[in-house]
Amino acid sequence: MESALLELRARLAEVSDVSRAAGVLGWDQRVTMPPRGTEARAQQLSTLGRIAHERFTDPEIGRLLDRAEPLVESLPYDADDRSLVRVTRRDWEKARRVPAELRAEMTLQAARGHHAWVEARRTSDFASFLPYLETNVELKRRYVECFEWSDSPYTPLLDDYEPGMLTSEVREVFAVLGPALAELVASAPEIDASFLRSGFAPDAQRAFSERVLGTMGFDGEAWRLDPTAHPFCTSFSNRDVRLTTRYHPDNLESLWSTMHEAGHGLYAHGIADSLSRSPLAGAPSLGLNESQSRTWENLVGRGRPFWEHWYGPLQEHFPSLEGIELDRFVRAVNRAEPGLIRVDADETTYSLHIILRFELEQELLEGTIPLEELPEVWNARMKELLGVDVPDDAHGVLQDVHWSGGGIGYFPTYALGNVISLQIWDVVRRALPDLDEQLAAGDLLPLSDWLRDNLYALGRKLTPQETIERLTGSPAIDPAPYLAYLGDKIASLAA
Ligand code: ZN
């Protein structure tokens, strides 16, 4: 291999090593670290973050890219080396646009904002959080100024999570989703789920979840599952995937939450070995990553075929389900019920919570809503969108962590993930005509293998649009399959 390419790879591998090491510290902080470790850990993470950023934005990377570009030109578009050079060029140019002081200020204020938010949410005191929110929004406006945009100042923020996507494109998707979802929610029947509200010993939940995880297609020595306060998934290589969950004895939610994180985990696990220690070892966007967590959580984990196999074992783990028929169980875990809290929302109402946040974020950024009026606006729109009355700010505008750390632009990816999951699912169904029979026999491997070979293995070689096009034949994000799926689901519940 030519020396410029070798040198580029070596430097990028170092950046990846430093970032993954920071990831280990971050995982430890959230899973095993004693609380008094917080201060020193923040410094360690900030040091590693700075080193990784400096190494990556080094002008020498630019010179190596200049030399490497002609060397890879004749390779196929999706060849590892050509993709590496192309994607690194894009990442490098973007990372260098933001001045180091602004980046440092954003990191610092995000930490302060997070701290203030924890306390404000606990006491439901929006006023105490307001100054931190003002600072973080102002910093985001300065960040946006580092970039050009064609349609909305929101686009550069969105681009951090959904590369190449325009705000106007999200608006178009949501303009179709919003009214259609509201109509579906209104037509959803009430379903008795009282038997899902007690009797689930955490030990049994863990044992059952691990049994399911063992069949999802992970190499048995490449993952682990640990309890934590706010579940997440991370990975330190495609052979070291860390899943986390939380158990509540009064419900079974940990099961779907674990399958959700395992979907993220399978993505990380399936990335081709040849992309290890490079910027290509990830998913192309948060929306695509989320499409897979949603696939395993909902399309698999709430589907009747899956439960035809797993409901018997579930009843063995949880005697409280004895006497509850499979049909009744499946209806209950697929019910649609408007509520106040996004993270507790069902599949049908979930994206409505996101649409609210997407609209508010654009207005915050553009300054069309005074920040101090945010709680009133939030409550009024929750009433409009979901028909619920917000009792206090802890259950309203203060419920999510994202804005406390300046994470504006992130929310839409959740709803886009839902939409994309069905676009891909339609393709999977055509490729695997016996999928339902396989799921009903407890055989998740044909699905897992297909997704790995056709999607996960690609890593970040292609853009999100190119990845979706490779799978579905069109680069567009199309809400029709998602709405058709939910429509069928609500209709079957009513039957
Ligand atoms: Zn997720």
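Residues numbered from 1 in each chain as written. Predicted model: local features only at pLDDT ≥ 70, side-chain atom pairs only at ≥ 80, totals over all residues. Heavy atoms only, no water.

Each helix and strand counted, the chain has 20 helices and three strands in total. A compact globule built from 495 residues should have a C-alpha radius of gyration of about 23 Å, and the chain, at 23 Å, falls within 12% of that. For the chain, the proportion of its 495 residues judged to be buried stands at 53%. Contacts in the chain between residues far apart in sequence, at least 24 positions, make up 72% of those at least 6 positions apart. Here the chain has roughly 21300 Å² of accessible surface; of this, 51% comes from carbon and sulfur atoms. Positive and negative side-chain charges of the chain, numbering 50 and 78 respectively, have mean locations separated by a distance of 5 Å. (Helix = DSSP H or I, 4+ residues; strand = E, 2+ residues; numbered from the N terminus. Rg over C-alpha atoms; globule rule 2.2 N^0.38 Å. Buried < 20%, exposed > 50% of the residue type's maximum accessible area, 1.4 Å probe, protein only. Contact = heavy atoms within 4.5 Å. Areas by Shrake-Rupley, 256 points an atom, 1.4 Å probe, with all protein chains shown as cover. Lys, Arg positive; Asp, Glu negative; His and termini not counted. Charge placed at Lys NZ, Arg CZ, Asp CG, Glu CD.)

Our next topic: the nonpolar core. In this structure, Phe174, Trp307, Phe329 and Leu447 are the most contacted members of the largest nonpolar core, which totals 121 residues. The element best represented in this core is helix 16 (residues 412-431), accounting for ten residues. When residues of this core are sorted by domain, at least three fall in each of domain 1 (2-148) and domain 2 (167-494). For Phe174, the residues in contact, after removing those within four places along its chain, are Pro179, Ile354, Ile355, Phe358, Pro412, Ala415 and Leu416. The next biggest cluster of nonpolar side chains, apart from the first, holds 22 residues, and it includes Leu8, Leu12, Leu64 and Leu275. (Core = buried A, V, L, I, M, F, W, Y, C linked by side-chain atoms within 4.5 Å. Domains from an automatic or database assignment.)

The subject of this paragraph is the environment of Arg452. Mapped onto the fold, Arg452 is located in helix 18 (residues 445-454). For Arg452, a relative accessible area of 34% gives the class partly exposed. Excluding residues that lie within four positions of it along the chain, Arg452 makes contacts with Gly270 and Ala457.

Note that strand 2 (residues 233-237) and strand 3 (residues 240-245) share four bridges and pair antiparallel. The residue bridging Ser235 from the neighbouring strand is Val241, located in strand 3. Connecting strand 2 to the antiparallel partner strand 3 that follows it, the hairpin turn spans two residues. (Pairing = 2+ DSSP bridges.)

Note that side chains of opposite charge can pair when their charged atoms are close. Throughout the structure, instances matching the rule amount to 38 salt bridges. Notably, a salt bridge pairs Asp80 with Lys461, separated by 2.8 Å at the nearest N-O pair. With Asp80 in helix 4 (residues 80-96) and Lys461 in the loop between helix 18 and helix 19 (464-472), this residue pair connects regions lying 381 residues apart in the sequence. The class of Lys461 is buried, set by a relative accessible area of 12%. Salt bridges sharing partners connect three or more residues here, namely Asp66, Glu69, Arg89 and Glu93. (Salt bridge = Lys/Arg side-chain N within 4 Å of Asp/Glu carboxyl O.)

The next thing to look at is the coordination of the zinc ion. Protein-derived coordination of the zinc ion comes from His260 (NE2), His264 (NE2) and Glu290 (OE), at a distance range of 2.1 to 2.3 Å. Read from N- to C-terminus, the donor residues coordinating the zinc ion fall into the pattern H-x3-H-x25-E. In this pair, His260 and His264 both sit in helix 10 (residues 253-270), four residues apart, roughly one turn of the helix. Residue classification places His264 among the buried positions, given a relative accessible area of 16%. (Donors = N, O, S within 2.8 Å, 3.2 Å for Na, K, Ca; no water.)

A separate point is the domain arrangement of the chain. Per the domain assignment, the segments of the chain are domain 1 (2-148) and domain 2 (167-494). Inter-centroid distance (C-alpha atoms) of domain 1 to domain 2 is 26 Å. At the junction of the two partners, domain 1 supplies 40 residues and domain 2 supplies 45 residues. Both faces combined, the contact of domain 1 with domain 2 buries some 3700 Å², and carbon together with sulfur accounts for 60% of it. (Buried area = accessible area lost by both parts, 1.4 Å probe.)

Across the sheet, which stays open at both edges, the three strands sit in the order 1-3-2 with mixed pairing between neighbours. Of all the strands in the sheet, the pair left with one neighbour each is strand 1 (223-227) and strand 2. When strand polarity is set aside, the average angle formed by the axes of neighbouring strands in this sheet is 20°. Contacts from helix 1 (residues 3-31) reach strand 1, strand 2 and strand 3 within the one sheet, and its direction differs from that of strand 2 by about 145°. Contacting strand 1, strand 2 and strand 3, helix 10 crosses the sheet at an angle of about 165° to strand 3. (Axes fitted to C-alpha atoms, helices over the stretch in contact; angles between N-to-C directions.)

Now for the packing of aromatic side chains. Applying the stated criterion to the full structure yields 19 aromatic pairs. An angle of 85° between the planes, with centres 5.6 Å apart, marks the rings of Phe208 and Trp310 as edge-to-face. Of this pair, Phe208 sits in helix 9 (residues 202-213) while Trp310 sits in helix 12 (residues 304-317), and the two are 102 residues apart along the sequence. Owing to a relative accessible area of 3%, Trp310 belongs among the buried residues under this scheme. Taking the centre distance of 6.0 Å and the plane angle of 35° together, the rings of Phe218 and Trp223 count as tilted. Neither Phe218 nor Trp223 differs from the other in exposure class; each is buried. Here the aromatic cluster, defined as three or more aromatic residues joined through ring pairs, consists of Tyr161, Tyr350, Trp378, Trp403, Tyr410, Phe411 and Tyr414. For Arg242, the ring lying beneath its charged end belongs to Trp27, and the centroid distance is 4.7 Å. Arg357 extends its terminal NZ or CZ atom over the ring of Phe411, reaching a point 5.4 Å from the ring centre. (Phe/Tyr/Trp six-rings, centres within 6.5 Å; stacked < 30°, edge-to-face > 60°. Lys NZ or Arg CZ within 6 Å of the ring centre and 35° of its normal.)

What follows deals with the environment of Ser46. Within the element layout of this structure, Ser46 appears in helix 2 (residues 38-57). Among the residues examined, Ser46 registers a relative accessible area of 41% and is labelled partly exposed. When the C-alpha atoms of Ser46 and Thr107 are compared, they prove to be 8.4 Å apart, with 61 residues separating the residues in sequence.

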